[in-house]
Amino acid sequence: MSLARWNKATPPTLLWLLVVLSLLVVPSLSMGQAPDAPTAAPAAGAAPATPAAKGAAAQAQAHGPPPDSWAGQLEMLSRWVDQRGGSGGCEERCYALDRLRITGAVGEGPLQFELSGGVLTDRPVAVPLFGPPAHLRIEATLDDGRPASRREAAPISFEDDHYYLWTAARRFVLRGSLWLEGDLTLLVAGPLNTFEADITGGSVAEGAQLSGLRGATLHFTPDGGAGSQSAGPTVFQLSRAVRVGREIGFEYRLVMRSGSDLGVVRLPLAFGEKVLDVAGASGFRVEGGELVLPTSGRAAEMKISGTLPEVGAFSPDPRSAYEWWLFESDAEHRLTVKGDARQVDAAESPIPRTQATSRLLLVQRGQRVEVAVEPLSGVEVLAAVVRDHRRKLVLTERGDLVADDALTYENNGIDYLTYAPGGRPIYLATDGKAQRIMHQGKAAEEVLVPLQTGSHTIQVQSLAQAAVHSLGGTLELPMPSYPLTASEVALTVGLPDRVVPLALLGGDRPVWFADAGDAFAVAIGFVAAWIAVRPGGATSRGRVRALRALGGVLMAGLWFLAPATFVALLVGIATAVAAWLAGRLLGGRGRAAAMVVLLGLGGLALLVGLFAVSARSYRAERWNSTYSESAAPAPAAVRRAKDDDLAKGGGALAPGGAVLEGVTPVALSLPDYERAVQARRELVTRERAFRPVLVYTTSSALVPLVLLWLAGVTALLAAHRAPLTELYRRAAARLARRPEDDVAQGEPPAPVR
């Protein structure tokens, strides 16, 4: 016998006797020290003992044996043994199960089993065995290395859904008998390395030799015979999945085996299930709250699917020892699962998972699960978004507002869009194809626009009325409304000749009638007027300044009234100043050449200025023509749709071109306009709506200003009457002079070529 095996077999009393004998033979180290020897000094750097520590040590010595006595030495040795025995190196799953072997006859009494394993620590541990305890009885003996005469019944008890063995044997073999009551199922807790079955009168459904078992259920199926006949199936394994989305669906997987024909199986629909399909059974029906499943043979596997009215408390079928319950929900719902069932890894589910939020529960017989669902609030604008919205609104002379909207949207599942165009809708098209205008009710103002999944375009035309005052005011422009978020809304307002815009408010920034270019032109006009205004005679300095300021105002007004005339006058003033300087600095042929160059440069500057002035109107006309070209193919598509309706016998002709109800509309060409103003707004919703306001005046209100401008021009010309008269006289004299007069005055005659 080895030393380790002898130590295990030695009784604890003999061990203590050997310890006492060794102490009697070997002298103690403390006996060699004199009783009155002084206590050793503390080590260098060690802190002296506090008074409290000294008192505690003195009290311990007063109650315990002296350290230098035999009793003190034995107490120190027992403490050392306890410390050595109490230290273990295992903290979790301190056991290992090697092999389980089952023998016997199925259905003819108990089955014999033999389980081998070991404990990985020095202290006793609870080794899980089999279950469930409610339908299983175990009698066994433990072989832990002791002689057979000293072996006793194994210390086995149960907790939750397993039996447990309490042992500290490094190596053990558990032998005994199993009595299976009810359905012949055995739950192996594991982890178990190998399983072997050598049984008669039946078989193991999962196989006679298995490996790597953990939380596995073994089904013992008896062979056919009089002793194995039963009213219900021997194996009744039901797995369930509940999936919560827009509707609550379920999927059941039912596996049944029996020693005889299954016949007709009834499954109670205890949770209000509405069965839609059963795979694996033909001719199923629902009778009295039960699903009737006709089967043939001794084994059947079915897949049942349908919907549930709601979620709540769930419990397994009484015929099932346990059931797998899989709960799933989509991103718009959140599930809360409570109960006394145990949650396991979702990867072990016998039903495939479809969501990342899967939860798998192992529900034993008698347990229940309570499920609550919380719908998450969804934002409707995220299902469809308007990428770009361009609205063109034209005001006619009679006060009609003709609107044309072009929208580009991105849709992920909305079927219809309620669109309020801000007027009477007259045309609707999606992706360039005309659509009939439909309302939810006769009195409803919103138009139901059918939306398609993906990126598409919508075109809507509408009519409205506006009251334009004779002298000016403010006009709130109608804008469409819809329950979507628009990334950007661009508005272009076309105005007739008699309406002059002053400002367009409501966008990201206000748009005024004058911009930085207008301010620069006004400044240049004031500078030119300051240089050109030079009244002759004995004019006071204050009057000269007033006339120059009046000239600047007249030049600024000329820029807004007639920009081309402003440019021509500005170029003329600049050319005249340059000619005056050339006449002062040059003479003879040089002065003549300079005059020719200045005239050429002045003409070129005039052309450039006129081109720059016409750029504004060119942009508006160009945008209008492009917009009309893009909207032009729509009427052709409408005509084709209308011809198809007439060919099919639908539609009717209206007298006088009136509007007919239920007929595909035709696009309207937008009216012309003289002036245009644009505004832009980003991220538009119903809560942050785009409400533009136009501040305008009329040509009638500008008539007094034009008269004042003409009066100023008259006053300025009157102040320059003398210089203008003198300039006219000199020019007339120069034109009337003959060449011989120039020779008489000493000027050389012009060369004759």
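Since this is a predicted model, take the numbers as computed values, not measurements.

Participant: Could you give me a rundown of the overall build of the protein, with the residues and numbers involved?
Facilitator: For the protein, the helix and strand inventory stands at 13 helices and 39 strands. Classification of the 753 residues of the protein by burial places 36% in the buried group. Long-range contacts, defined as pairs at least 24 residues apart, comprise 73% of the intrachain contacts of the protein with a sequence gap of at least 6. For the protein, the accessible surface area stands at approximately 44800 Å², while carbon and sulfur atoms represent 57% of it.

Participant: Which residues make up the side chain of His456, and what are the values?
Facilitator: In this fold, His456 is placed in strand β33 (residues 454-465). Within polar-contact distance, the side chain of His456 engages the backbone oxygen of Thr453 at 3.1 Å. The contacts of His456, once residues within four sequence positions are left out, are Leu407, Thr408, Tyr409 and Asp431.

Participant: Any chance you could break down the sheet that holds strand β14 (residues 235-244) for me, citing the residues and the numbers?
Facilitator: Ordered in space as β17-β20-β15-β14-β22-β25-β24, the seven strands form an open sheet in which the pairing is mixed. Here the strands that pair on one side only, and so sit at the sheet edges, are β17 (274-279) and β24 (342-344). Averaged over neighbouring strand pairs, the angle between their axes works out to 25 degrees when direction is ignored. Pairing of strand β15 (residues 248-257) with strand β20 (residues 299-308) involves 10 bridges; the strand directions are antiparallel. Among the inter-strand pairings, Glu251 is bridged to a residue of β20, identified as Ser305.

Participant: Residues and numbers for the nonpolar core, please.
Facilitator: Counting residues in each nonpolar core, the largest one holds 38 residues, and the members touching the most others are Ile102, Phe113, Phe130 and Phe220. If we skip the residues at most four places from it in the chain, Ile102 touches Leu111, Gln112, Phe113, Leu178, Leu186, Phe195, Glu196, Ala197, Asp198, Ile199 and Phe220. Judged by nonpolar contacts, the second largest core, of 36 residues, contains Val449, Val460, Leu495 and Tyr696.

Participant: Tell me about a nonpolar patch on the surface, residues and numbers included.
Facilitator: A cluster of nonpolar side chains, namely Val527, Trp530, Ile531, Val577, Trp580, Leu581, Leu585 and Leu586, defines an oily patch on the protein surface of about 800 Å² accessible area. If one sorts the elements of the nonpolar patch by residue count, helix α7 (residues 563-585) sits on top with four residues. Mapped onto the fold, Val577 is located in helix α7. For Val577, a relative accessible area of 32% puts it in the partly exposed group.

Participant: Before we move on, could you go through helix α5 (residues 516-532) and cite the residues and values that matter?
Facilitator: For an α-helix, 3.6 residues make a turn, and residues three or four places apart therefore share a direction. Counted at 1.5 Å a residue, the expected span for α5 with its 17 residues is 24 Å, and the 24 Å between its end C-alpha atoms agrees. All of the buried residues in α5 are Asp518, Ala521, Val522, Gly525, Ala528 and Ala529. The buried side chains of α5 occupy one side of the element, clustering within an arc of 125 degrees when seen end-on. Away from the buried face of α5 by more than 90 degrees, exposed residues Ala516 and Phe520 are located.

So, how was this worked out
What you see as residue numbers is a count from 1 along each chain, following the sequence as written. For this predicted model, a pLDDT threshold of at least 70 governs which residues receive local features, and a threshold of 80 or more governs which side-chain atom pairs are given and counted, while totals over whole chains, interfaces and linings are taken from all residues. Side-chain metrics in this entry use all non-hydrogen atoms of the structure; hydrogen atoms and water are not considered. Comment: elements are numbered from the N terminus, with helices defined as DSSP H or I runs of at least four residues and strands as E runs of at least two. Under the scheme applied here, a residue whose accessible area is under 20% of the maximum for its type counts as buried, over 50% as exposed, and between as partly exposed, the area being computed with a 1.4 Å probe on protein chains only. The criterion used for residue contact is that any of the two residues' heavy atoms lie within 4.5 Å. Computed with a 1.4 Å probe, the accessible areas rest on the Shrake-Rupley method; for each residue, only the protein chains presented here act as cover. Each polar contact in these results corresponds to two N or O atoms within 3.5 Å; when the atoms are within protein, one needs to be able to donate a hydrogen and the other to accept it, and residues that are neighboring in sequence are counted only if both atoms are side-chain atoms. Only when DSSP finds a minimum of two bridges between them are two strands counted as paired. Note on geometry: axes are C-alpha line fits, over the in-contact stretch for helices, and angles between N-to-C directions span 0 to 180 degrees. Each nonpolar core is a collection of buried residues, namely Ala, Val, Leu, Ile, Met, Phe, Trp, Tyr and Cys, held together in the definition by side-chain atoms within 4.5 Å. Patches here: salt-bridge-free residues with over 30% relative accessible area, like charges joined within 9 Å, nonpolar side chains (Val, Leu, Ile, Met, Phe, Trp, Tyr) joined within 5 Å. Salt bridge, as applied in this entry: a Lys or Arg side-chain nitrogen positioned within 4 Å of an Asp or Glu carboxyl oxygen. Given the number of residues in a helix, its expected span is that number minus one, multiplied by 1.5 Å. In this context, the arc is that of the directions from the helix axis out to the C-beta atoms.

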